[in-house]
Amino acid sequence: MARGKLRIYLGAAPGVGKTYAMLSEAHRRVERGTDCVVAFVEHHGRQRTEVMLHGLEQVPRRELEYRGAGFTEMDVDAVLARAPRVALVDELAHTNVPGSRNPKRWQDVQELLAAGVDVVSTVNIQHLESLGDVVESITGVRQQETVPDEFVRHADQIELVDMSPQALRRRMAHGNIYKPDKVDAALSNYFRPGNLTALRELALLWVADRVDEYLKQYRSEHHVSAIWGSRERIVVGLTGGPEGRTLIRRAARLAEKGAGGEVLAVYIARSDGLTSASPKELAVQRTLVEDLGGTFHHVVGDDIPAALLDFARGVNATQIVLGSSRRKAWQYVFGPGVGATVARESGSDLDVHIVTHEEVAKGRGLPVARGARLGRARIIWGWLVGVVGPALLALLLNTVHLGLANDMLLFLAVTVAAALLGGLLPALASAAVGSLLLNYFYTPPLHRWTIADPKNIVAILIFVGVGVSVASVVDLAARRTHQAARLRAESEILSYLAGSVLRGESSLEALLERVRETFGMESAALLERADDQAPWTRAGHVGFGRPVERPEDADVDVPVGDHLALALTGRLLPAEDRRVLAAFAAQAVVVLDRRRLQEEADQARALAEGNRIRTALLAAVSHDLRTPLAGIKAAVSSLRSDDVAWSEEDRAELLEGIEEGADRLDHLVGNLLDMSRLQTGTVTPIIREIDLDEVVPMALGGVPDPAASVELDIPESLPMVAVDAGLLERSVANLVENAVKYSPGGEPVLVSASAMSDRVEVRVVDRGPGVPDEAKERIFAPFQRYGDAPRGAGVGLGLAVARGFAEAMGGTLNAEDTPGGGLTMVLTVRAAGPRLEPQPAQPERHASC
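1. Re the sheet that holds strand 10 (residues 262–269)
In step 1: Taken together, five strands build an open sheet; the order of strands is 11-10-9-12-13 and the sheet is parallel. In this open sheet, the two strands that pair with only one neighbour each are strand 11 (295–300) and strand 13 (351–355). Adjacent strand axes in the sheet meet at a mean angle of 25 degrees, parallel and antiparallel pairs treated alike.
In step 2: Relative to the sheet, helix 10 (residues 244–256) contacts strand 9 (233–238), strand 10, strand 12 (319–323) and strand 13, its axis offset from that of strand 9 by approximately 175 degrees.
In step 3: Strands in contact with helix 12 (residues 304–314) are strand 9, strand 10, strand 11 and strand 12; relative to strand 10, the strand with the most contacts, it is inclined by about 150 degrees.

Structural data, given as structure tokens:
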């Protein structure tokens, strides 16, 4: 069965019209004859949205009961049984009520897609998991309901439902989003113009990034090499010199002028030439470009202008920033330079900026890299000197007679010059031409190809031998230079590889991307298999082009052991490149092993923590739970005994002991269960707006004689808080019981509350012995009892449970010293504000009652 398609309407804030747009699309599809149903859509009391539901088939919802209250959720089984072509599912990031088929609604959507049902859904930008911290810094509200970015990215269509902040605030003021009693608070808090503008920009940029990914995929699939200037991408060409910092800052300023500008700094190292790059300076420039929001790339290429242009076109860049040449004036005799070449060959689709700097015309500290061995231009000059030079010298010597010895020395000088410039072959040609000309013009008999004097034969042979020897030495030096340059380039790459190990970089995908960029390949993958007969699987993959399933399918593959291989596609690599590639392959295996060892260590840590909790639980059960049970059993046995006639006072005392033991046992078991829920991550807070004076008094029910032992100071002017009432009640109850336990007689515990910005603090103050600073965090660990608390005074879970519940609600719990002696527990929770996605009115429910 083909997988269904997912279409998502994305908005920057509640009320922009996502659900309305989704329902409008549903009506259009129904009119075209498409089988479309409403699996779950919430109109939030908005009349226009509610009207759009008319005429659409709605699948009945599933009714659930949770903690005495009734709720409705999407009935996945009913939708699958109905098997529509298209299903509408609102609020993709919604958390389902406990007892539902899946914890999250997006997981319900996954099941529908797997069954071949197309799904149209909605989500706000603040619900994307990766943007939680950013949204919190903008709005001051941490989103509890999120959806993984990867799930949204894989949607077949993402449509942005956009609205200006001014228009959205007008909708709010007209009562089209929230009820009239909440409009003023919403406009002055979450729906402030600055908040809405920032969220809108966030949504636009996120969608632009997704569009950019689709564009890259399309260009790759259709082999589009021309640059499409859909957004500003600025490539900075670095040489490793100090001027690179100036270029990076200039490129960053250019990127800021355009929306969505991106800076990519690239350093191109020759594979067979010496470079003047300083590794220290490159590290500084890498840090600078990353601090400015750009990326750093290291590419190997023999022809620097061509490699730079290939990289720029590969990333769909629109501008290239280069520095003015550091070469001195006389060095331009050897060519126009990188900047001029790039500008000439960039074409009309790439703008090239040549930026001046303080290092212009100051020369380089090390020799400039040249081509393979001696370079093409140098070899051409060698052939010209070796062939044309002897002929010109012969014409000159025919007018000035210097004698045979001097003539031979001059021809030898030309041969040596040809050897120094062009190497062995031009020198051999020069020696051959020079010897023939010496024989013809200057050795008797003249103008004949014979030699009369045997001594002249020896002289000419020495001349040829000297020329060949010098040429051989020059050629050998060129070979050694080529080898040294090759090793220098390899050492730079290996130095970066070693640096990544020292920096602790453990991302396999990042390492594979570095391999792909370094060798200019289309894709890189690390393949593995369990044994020789098992199929290959991809442990990691980056790049584009055809997917590699086996090493045989790749253009280059490097085996690592028996069951691992690094596979690359794009082009064939020379044999000398495989030595460096083998180092990358070995590092990839190390990264893969490290990642798996880290996963195993995390699992072992979780098991060790579970074992520690279980051991402590057994210790608690062995004593703290047995003590009240023993007291209850003894009291019951005494009451059942016929040997003793108990008075009414004795019977009342025994019954009181049974009741106290049962209450104590209930309290211990409750804390143990709560701690178990926290350890397993099954606490799901139901956040609601509530007044503190409705919760705090209820938390004092377990305190003996609360009127005498606890003082309340909860101002009526406090704002409402956004909490789970049940979790807050349990947290405050545990804090008060702990404070009463350690307070001296006659000193009541003070429970006060105050508002600070968008937070509300609840302080539980006692006058007990206090806790030293080094133990203030330790008292919140499970099964910890401070000081000389006797066995049987509890299992040490009260404060751990209180902090766990506080953090589950998005709050904090910390310990402070009480002025004058004692301990103050500070519980901080969020003040209530407009909810980001209004929910229909439902009976109150608690997650921890």
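2. Considerations on a positive patch on the surface
In step 1: A cluster of basic residues, Arg249, Arg250, Arg253 and Lys257, forms a positive patch at the surface.
In step 2: Along the chain, Arg249 falls in helix 10.

3. Things to note about the side chain of Ser430
In step 1: Of note, Ser430 is situated in helix 16 (residues 424–441).
In step 2: A polar contact of 3.1 Å, which involves the side chain of Ser430, links it to the side chain of Thr415.
In step 3: Excluding its chain neighbours within four sequence positions, the residues that come into contact with Ser430 are Gly386, Pro390, Val414, Thr415 and Ala418.

4. Quick word on the packing of helix 14 (residues 376–397) against helix 16
For any two helices packed against each other, the geometry is given by the interaxial angle and the distance between the axes.
In step 1: Running from N to C, helix 14 and helix 16 point in directions that differ by 10 degrees, and their axes come no closer than 8 Å. When the axis of helix 14 is compared with that of helix 16, the two are roughly parallel. Along the contact surface, helix 14 presents Ile379, Gly382, Trp383, Gly386, Val387, Pro390, Ala391 and Ala394, while helix 16 presents Leu425, Pro426, Ala429, Ser430, Val433, Gly434 and Leu437.
In step 2: Split by residue class, the contact of helix 14 with helix 16 holds eleven nonpolar, four polar and no charged.

5. Description of unusual backbone geometry
In step 1: With phi around 50 degrees, Ala83 is a residue other than glycine that occupies positive phi space.
In step 2: Take Ala83: it is sitting in the loop between helix 3 (76–82) and strand 6 (86–89).
In step 3: Notably, Glu91 is not glycine yet its phi reads approximately 55 degrees, a positive angle.
In step 4: Position of Glu91 relative to the elements: it lies in the loop between strand 6 and helix 4 (105–114).

6. Here's the deal with the packing of aromatic side chains
In step 1: Going through the model one piece at a time under the given rule, you end up with one aromatic pair.
In step 2: Summarising the aromatic geometry, the rings of Trp106 and Phe151 are spaced 5.5 Å apart at their centres and angled 50 degrees between planes, so their arrangement reads as tilted. Here Trp106 is found in helix 4, whereas its partner Phe151 is found in helix 6 (residues 149–153), with 45 residues between them in sequence.
In step 3: On the basis of relative accessible area, Phe151 is assigned to the buried category, the value being 10%.
In step 4: One Lys or Arg, Arg61, reaches over the ring of Phe40 and ends 4.0 Å from the middle of that ring.

7. Let's talk about a negative patch on the surface
In step 1: Together, Glu649, Asp650, Glu653, Glu656, Glu659, Glu660, Asp663 and Asp666 give the surface a local cluster of negative charge.
In step 2: By secondary structure assignment, the location of Glu659 is in helix 20 (residues 648–680).

8. Observations regarding the pairing of strand 21 (residues 749–756)
In step 1: Inspection of the sheet shows strand 19 (residues 710–713) paired to strand 21 by four bridges, in the parallel sense. Bridging from a neighbouring strand, Leu712 pairs with Val751 of strand 21.
In step 2: Pairing of strand 21 with strand 22 (residues 759–765) involves seven bridges; the strand directions are antiparallel. Of the residues in strand 22, the one forming a bridge with Met756 is Arg759.
In step 3: Between strand 21 and strand 22, which pair antiparallel one after the other, the connecting turn spans two residues, and Ser757 there sits at a positive phi close to 55 degrees.

9. A closer look at the packing of helix 14 against helix 15 (residues 404–422)
In step 1: The N-to-C vectors of helix 14 and helix 15 enclose an angle of 170 degrees; their axes lie 7 Å apart at closest approach. For the element pair helix 14 / helix 15, the angle class is roughly antiparallel. Helix-helix and strand crossings are classified by hand; for helix 14 and helix 15 the assignment is right-handed. Facing helix 14, whose interface residues are Arg378, Ile379, Trp381, Gly382, Val385, Gly386, Gly389, Pro390, Leu393, Ala394 and Leu397, helix 15 presents Asp407, Leu410, Phe411, Val414, Ala417, Ala418, Leu420, Leu421 and Gly422.
In step 2: Looking at side-chain class alone, the contact of helix 14 with helix 15 contains 14 nonpolar, four polar and two charged residues.

10. Section: the confidence of the model for the protein chain
In step 1: Put simply, the protein chain has an average pLDDT of 77, and 77% of its residues get 70 or more.
In step 2: When pLDDT is averaged over each helix and strand of the protein chain, the minimum, 67, is found for helix 17 (residues 454–502) and the maximum, 94, for strand 6.
In step 3: Low pLDDT, under 50, characterises residues 834–849; the stretch is placed with 68 contacts to residues that sit more than four places away or in other chains.

11. Notes on a nonpolar patch on the surface
In step 1: Together, Ile379, Ile380, Trp381, Trp383, Leu384, Val387, Val388, Leu392, Leu395, Leu421, Leu425 and Leu428 line one region of the surface with nonpolar side chains, adding up to about 1100 Å² of accessible area.
In step 2: Counting residues per element, the nonpolar patch draws most heavily on helix 14, at nine residues.
In step 3: Looking at the element boundaries, Trp381 is found in helix 14.
In step 4: Its relative accessible area of 55% is what places Trp381 among the exposed residues.

12. Here we look at the pattern of salt bridges
In step 1: A complete count under the given rule lists 23 salt bridges for this structure.
In step 2: Across the salt bridge formed by Asp162 and Arg200, the nearest N and O atoms sit 2.8 Å from each other. Taken together, the residues span a long stretch of sequence, with Asp162 in the loop between strand 8 (157–161) and helix 7 (165–173) and Arg200 in helix 9 (residues 193–221) at a distance of 38 residues.
In step 3: Overall, Arg200 belongs to the partly exposed group, its relative accessible area being 25%.
In step 4: Because the salt bridges share partners, they merge into one network encompassing Arg7, Glu25, Arg28, Arg29 and Glu159.

13. Thoughts on helix 14
In step 1: Here helix 14 contains 22 residues, and its C-alpha end-to-end distance of 31 Å stays within 8% of the 32 Å for a straight helix at 1.5 Å per residue.
In step 2: In the structure, helix 14 departs most strongly from a straight axis at Val388, where the bend amounts to approximately 35 degrees and where the proline Pro390 lies between one and four residues downstream.
In step 3: Within helix 14, burial applies to Gly382, Gly386, Gly389, Pro390, Leu393, Ala394 and Leu397.
In step 4: Packing partners of the buried residues in helix 14 comprise helix 15 and helix 16.

14. Structural notes on helix 1 (residues 18–31)
In step 1: The end-to-end C-alpha separation of helix 1 is 20 Å, in line with the 20 Å expected for 14 residues at 1.5 Å each.
In step 2: When helix 1 is considered as a whole, its buried residues turn out to be Lys18, Thr19, Ala21, Met22, Leu23, Ser24, Glu25, Ala26 and Arg29.
In step 3: Considering only its buried residues, helix 1 is in contact with strand 1 (6–11), strand 2 (36–40), helix 2 (47–52), strand 6, strand 7 (118–124) and strand 8.
In step 4: Gly33 lies just past helix 1 and shows a positive phi near 95 degrees.

15. Regarding the side chain of Asp118
In step 1: Within the secondary structure layout, Asp118 lies in strand 7.
In step 2: Among the residues examined, Asp118 registers a relative accessible area of 10% and is labelled buried.
In step 3: At 2.8 Å, the side chain of Asp118 forms a polar contact with the backbone nitrogen of Lys5.
In step 4: Side-chain polar atoms of Asp118 contact the side chain of Arg85, separated by 3.0 Å.
In step 5: Asp118 has contacts with Gly4, Lys5, Arg85, Val86 and Ala87, leaving out every residue within four places of it along the chain.

16. Details of the sheet that holds strand 24 (residues 823–830)
In step 1: Reading across the sheet, the five strands line up as 19-21-22-24-23 and stay open at both edges, with mixed pairing between neighbours. The strands lining the two open edges of the sheet, one partner per strand, are strand 19 and strand 23 (812–817). In this sheet, neighbouring strand axes are inclined to one another by 20 degrees on average, regardless of whether the strands run parallel or antiparallel.
In step 2: Across the sheet, helix 23 (residues 725–742) lies against strand 19, strand 21, strand 22, strand 23 and strand 24, angled at about 170 degrees from strand 24, the strand it touches most.

17. So, the nonpolar core
Soluble, globular proteins show a tendency: their nonpolar side chains are buried together.
In step 1: Ranked by internal contacts, the top residues of the largest apolar core, which has 63 residues, are Leu88, Leu112, Ile125, Val147, Phe191 and Trp206.
In step 2: Residue contributions to this core peak at six residues, all from helix 9.
In step 3: The contacts of Leu112, once residues within four sequence positions are left out, are Met74, Val76, Val79, Leu80, Ala87, Val89, Val117 and Val119.
In step 4: Counting 42 residues, the second-largest nonpolar core is a separate cluster that includes Val695, Ala733, Val762 and Leu813.

Calculation criteria
Residues numbered from 1 in each chain as written. Predicted model: local features only at pLDDT ≥ 70, side-chain atom pairs only at ≥ 80, totals over all residues. Heavy atoms only, no water. Pairing = 2+ DSSP bridges. Helix = DSSP H or I, 4+ residues; strand = E, 2+ residues; numbered from the N terminus. Axes fitted to C-alpha atoms, helices over the stretch in contact; angles between N-to-C directions. Contact = heavy atoms within 4.5 Å. Patch = residues over 30% accessible without salt bridge, like charges linked within 9 Å, V, L, I, M, F, W, Y side chains within 5 Å. Areas by Shrake-Rupley, 256 points an atom, 1.4 Å probe, with all protein chains shown as cover. Salt bridge = Lys/Arg side-chain N within 4 Å of Asp/Glu carboxyl O. Lys, Arg positive; Asp, Glu negative; His and termini not counted. Charge placed at Lys NZ, Arg CZ, Asp CG, Glu CD. Polar contact = N/O pair within 3.5 Å; in protein donor to acceptor, adjacent residues only side chain to side chain. Parallel < 35°, antiparallel > 145°, perpendicular 65-115°, else oblique. Nonpolar A, V, L, I, M, F, W, Y, C, P; charged D, E, K, R; others polar. Phe/Tyr/Trp six-rings, centres within 6.5 Å; stacked < 30°, edge-to-face > 60°. Buried < 20%, exposed > 50% of the residue type's maximum accessible area, 1.4 Å probe, protein only. Lys NZ or Arg CZ within 6 Å of the ring centre and 35° of its normal. Left-handed = near helix turned anticlockwise from the far one by under 90°. pLDDT = per-residue confidence, 0-100. Expected span 1.5 Å × (residues − 1). Bend = angle between axes of the 7 residues up to and from the residue. Core = buried A, V, L, I, M, F, W, Y, C linked by side-chain atoms within 4.5 Å.

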